[in-house]
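# A look at the structure
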Amino acid sequence: MIEINNLVFSWPKHPAPTLDISKLTISQGERIFLHGPSGSGKSTLIGLLAGINAIQAGDIKILDTQMRQLSAAKRDQFRADHIGTIFQNFNLLPFLDPIENVMLGCQYSKARKSKLTQSLQQSAISLLENLGIGHTLQAKSVSELSIGQQQRVAAARAFIGQPELIIADEPTSALDADSREAFIETLFNQAEKYQATILFVSHDHSLAQLFDRKVSLNEINGAAQ
Amino acid sequence: MNLASLAFKSSWNRKSSVFLTLFTIAISVMLLLSIERVRQEAKSSFANTISGTDLIVGARTGDIQLLLSSVFRIGHANNAVQWQSYEYIKQQRGVAWSIPISLGDSHKGHAVLGTDSSYFTHFRYGKKQMLAFAHGRAFVNGGEVVLGSDVAKKLNYHLGEQIVISHGMGNTSFHHHDDNPMTIVGILKPTGTPIDRTVHVPLIAIDEMHGSGHNKSPRIVDNPLNKPSNEAAYSHDHHSQSEHEHSEHEHSEHQHNEHGHGEHEHSKHGHGEHQHKNHQPVESKPGDLIGEPKQITAFLMGFDSPLYTLQVRRNINQYQGEPLLAIMPSVTLRELWSMLDIVEKILLLFSIVVVLISLLGMLTTLLATLNQRRRELAILRSVGARPWHIFSLLTGEAVIITLFGCLLGTALFFMAILLAQPVLQAQFGISLSLSMLSSYEVKLLGAIMLAGTVMGIFPALRAYYYSLSDGMSIKV
């Protein structure tokens, strides 16, 4: 699913590399807990995996695609087609309603749209129902939803059109302990339906036991001190 | 959901600042369109006032002054043309027609123009249009009067009514010639020129009313037509400009009662009657229209060939009998434009600057809110939006704001025209048409749209670089 080999990345004006990963392999359907305190280079890694930043040295292969060989536009398209993202908080565009926010996941990808069995709107609605956002909540404005509910809407946006990889960047850090596990449970249920890979990035060790595998960025990143 | 609706919804989310910006643009657009419309209409209004006249001849003065006083009733002629000179010049070879005009009197603030029947057969305005009668006919004897359409409308005059013409330009003239009531025999169709606000009388009437009045009047000395004395000039400047415009209504009431004295009953009766059976032609016998005038203000001439125009013009300018000036209206009009050109350009420049300021206001607002929107941009990037999507989104927003600003501005512009129309018509004789946007105005709007789009490029570029550097990491 994901293969990283000899990846070295340094930001402009920083002489020392931020990231230096000799090997990381993640297989299809795996649920990975990527532990990374701040400064460990996790934002950089996410940027490279999602194709925001260009690879300088080494390579990343996702779904048999060499990211290095893709142009910036192709990487954007690749991200639109194959990767769903959930951020820490305020994932949603405040001027769109929850359903529109979910539909946004397919906005830039024909491939994901084509995987839908129903209309885009209907898919968004049923996905929201699956993730526990019922009819009344769907009609509300995004700002009226609780953070937990917002994160569920964000998860629905990440899952719509069944992208192979879900990157979740500390999605639970704004939630209380009870809702954290429930949220992760929901993610897993959804991912299981079509064997999606989940890359869950967090600095909260207590969640690690829920995952198939734990990867510590500090350990694999040769550049981190 | 496409980019446009995304831009629209995002703008709507920040509606208070967006609406303020939009409103600023709308007002500036309204200003620009109004100024340009008034400028153009004023120009065409002026250009349409006289047509087909080859020469205007008056006492020696400035070219533009003669044009303004004889055709536009702006200012006044300081001197007059001797009737003998007119009689002599109109005999010249090649003269197709000539119209004597005598100005300087007024009726309730409306200019009185003394002329003869050639006025109604030869005068042209607009695109060589003849004067046409809405009701009635031209005058055929000395006791008849033809009104411009505005005069009739404003003073509510009808055919057959009798009115009294006063001497001097002011509404407040002391002596009304009660003994010379004149009958309205014709009302002209609207022309959109000063003719609409003119009372036309035969030359003999002007002669007569001054002749009979000159004993009582301190202002008329020996020559009844020599009214543009300094005094008259003074009274013109003061009364005709402001005073009687304001007090027109009171005055007209007042005067009516006053000068009605002798025929009070009659005139009232007449009024009532004509309200009902309005447009009945007035029967009368043809009589002398000219009388024995000593002087006129100016005269208009048409020639058989342009060759004669130049020749006669030269002769007139060198005329030995008295100092005269002959101008070609089209040439002088062009001179007038070139004089006003700089003023026009400054006006245009100012309104363009106002539009630019409003667009810069939009730029400021967009740039100021951009930082708060970096999250929005990051989210869009995370779902696969490319940097150029972000760029188009921001540009699209500027386009939307400018577009709606232009639309609202155009609506406001039409409202402004609607409101200003009667005032401009009454005060300056500029008839504004409530017509659709001209191609020039559409081009102006196009230029504003273009400028708005260019403005949008700045925040869009910045957003573009934000989206490249921030990527998906949310930095707010």
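Criteria and cut-off values
- Residues numbered from 1 in each chain as written.
- Chains lettered and ligands numbered in written order.
- Predicted model: local features only at pLDDT ≥ 70, side-chain atom pairs only at ≥ 80, totals over all residues.
- Helix = DSSP H or I, 4+ residues; strand = E, 2+ residues; numbered from the N terminus.
- Buried ≥ 20, exposed ≤ 12 C-beta atoms within 10 Å, placed from the backbone.
- Contact = placed C-beta atoms within 7 Å.
- Rg over C-alpha atoms; globule rule 2.2 N^0.38 Å.
- Nonpolar A, V, L, I, M, F, W, Y, C, P; charged D, E, K, R; others polar.
- Core = buried A, V, L, I, M, F, W, Y, C linked by C-beta atoms within 7 Å.
- Pairing = 2+ DSSP bridges.
- Axes fitted to C-alpha atoms, helices over the stretch in contact; angles between N-to-C directions.
- Expected span 1.5 Å × (residues − 1).
- Arc of directions from axis to C-beta.
- Bend = angle between axes of the 7 residues up to and from the residue.
- Parallel < 35°, antiparallel > 145°, perpendicular 65-115°, else oblique.
- pLDDT = per-residue confidence, 0-100.

This part covers the overall build of chain B. The number of helices and strands found in chain B is 15 helices and 14 strands. Expressed as a percentage of the 476 residues in chain B, the buried residues total 43%. Within chain B, contacts between residues separated by at least 24 positions form 82% of all contacts whose residues are at least 6 apart in sequence.

The next point concerns the overall build of chain A. The helix and strand inventory of chain A stands at nine helices and nine strands. What you see for chain A is a C-alpha radius of gyration of 17 Å, in line with the 17 Å of a compact globule of 225 residues. Each principal axis of the C-alpha distribution contributes one length, and for chain A these read about 50 × 35 × 30 Å. Put simply, chain A has 225 residues, and 47% of those count as buried. Of all intrachain contacts in chain A linking residues separated by at least 6 positions in sequence, the fraction that spans at least 24 positions is 73%.

With that settled, the discussion passes to the interface of chain A and chain B. Contacts between the two partners involve 26 residues from chain A and, on the opposite side, 18 residues from chain B. For the side of chain A that touches chain B, the secondary-structure elements that each account for two or more residues are α1 (42-49), α2 (72-82) and α3 (98-103) of chain A. Per-element accounting of the side of chain A that touches chain B gives the leading share, five residues, to α2(A). Considering only residue class, the side of chain A that touches chain B consists of 14 nonpolar, nine polar and three charged.

In this section: the nonpolar core. Ranked by size, the top nonpolar core spans 101 residues in total, and within it A:Val102, A:Leu128, A:Ala156 and A:Ile166 carry the most contacts. Here this core takes 10 residues from helix α14 (residues 387-428) of chain B, the largest share from any one element. Non-local contacts of A:Leu128, meaning those with residues more than four positions away in its chain, are made with A:Pro98, A:Ile99, A:Val102, A:Ile133, A:Gln138, A:Val153 and A:Ala156.

What follows covers the sheet that holds strand β1 (residues 2-9) of chain A. Residues and elements named next belong to chain A. Taken in spatial order, the four strands of this open sheet run β2-β1-β4-β5, and their pairing is antiparallel. Strand pairing shows two members of the sheet lacking a second neighbour, β2 (19-26) and β5 (65-66), which therefore form its edges. Bridge count for β1 against strand β4 (residues 57-62) is five bridges, and the pairing is antiparallel. Note that in β4 the partner of asparagine 5 across the bridge is aspartate 59. α1 rests against β1, β2 and β4 of the sheet, and its axis sits at about 60° to β4.

It is worth spelling out helix α8 (residues 177-192) of chain A at this point. All names here are of chain A. Helix length check: α8 (16 residues) gives 23 Å between terminal C-alpha atoms against 22 Å at 1.5 Å per residue, within 8%. Listing the buried residues of α8 in full gives Arg180, Phe183, Ile184, Leu187, Gln190 and Ala191. In a view along the axis of α8, the buried residues occupy a sector of 125°, so they form one face of it. Residues of α8 that are exposed and angled more than 90 degrees away from the buried face: Asp178, Glu185, Asn189 and Glu192.

Residues and elements named next belong to chain A. Strand order in the open sheet made by the five strands is β6-β7-β8-β3-β9, with parallel pairing throughout. With one partner strand each, in any of the chains shown, β6 (83-86) and β9 (213-216) form the two edges of the open sheet. Sheet twist, expressed as the mean angle between neighbouring strand axes with direction ignored, is 20°. With four bridges joining them, β6 and strand β7 (residues 165-169) adopt parallel strand pairing. Opposite threonine 85, over in β7, you have isoleucine 167 as the bridge partner. Across the face of the sheet, helix α7 (residues 147-159) comes into contact with β6 and β7 while running at roughly 170° to β6.

Residue and element names in this part refer to chain B. Looking at the element boundaries, threonine 364 is found in helix α12 (residues 329-370). Of the residues examined, threonine 364 has 14 C-beta atoms within 10 Å and is grouped as partly exposed. Spatially, the C-alpha atom of threonine 364 lies 47 Å from that of isoleucine 64, the residues being 300 residues apart in sequence.

Moving on, we get to helix α15 (residues 439-470) of chain B. Here α15(B) spans 45 Å end to end across 32 residues, near enough to the 46 Å set by a 1.5 Å rise per residue. Its maximal kink placed at B:Phe458, α15(B) deviates by approximately 25°, while the proline B:Pro459 follows within four residues.

Looking now at the environment of B:Val312. Residues and elements named next belong to chain B. Here valine 312 lies in helix α11 (residues 306-317). According to the C-beta neighbour criterion, valine 312 is buried, with 22 such atoms within 10 Å. With residues up to four places along the chain from it excluded, the contact list for valine 312 reads Leu55, Gln92, Gly94, Val95 and Phe303.

Residue and element names in this part refer to chain B. Where helix α2 (residues 15-47) meets α12, the axes come as close as 9 Å, and the angle between the chain directions of the two elements is 170°. As summarised for this structure, α2 and α12 are arranged roughly antiparallel, according to the angle between their axes. Split by residue class, the contact of α2 with α12 holds 14 nonpolar, nine polar and two charged.

Here the focus is the environment of A:Ile147. Residue and element names in this part refer to chain A. On the secondary structure map, isoleucine 147 appears in helix α7. Separated by 65 residues in the primary sequence, isoleucine 147 and histidine 82 have C-alpha atoms spaced 26 Å apart. Apart from residues no more than four positions distant in its own chain, isoleucine 147 is found in contact with Asn89, Ala174 and Leu175.

All names here are of chain B. In the predicted model, chain B carries a mean pLDDT of 80, and 79% of its residues have values of at least 70. Below a pLDDT of 50 lies the segment residues 170-174, which in the model reaches 19 contacts outside its immediate sequence neighbourhood of four places, other chains included. In this model residues 212-277 is a low-confidence stretch, pLDDT under 50, and it forms 90 contacts with partners more than four residues away in sequence or in other chains. In the predicted assembly, ipTM is 0.90 and pTM is 0.71.

On to unusual backbone geometry. Across the chain, the bulk of peptide bonds are trans and the bulk of non-glycine residues have phi less than zero. Residues and elements named next belong to chain A. One non-glycine residue, asparagine 6, lies in positive phi territory at about 50°. Relative to the assigned elements, asparagine 6 resides in strand β1. Located in the positive-phi region is leucine 63, a residue other than glycine, with phi close to 50°. Along the chain, leucine 63 falls in the loop between β4 and β5. Take leucine 63: there are 14 C-beta atoms within 10 Å of it, and that puts it in the partly exposed class.

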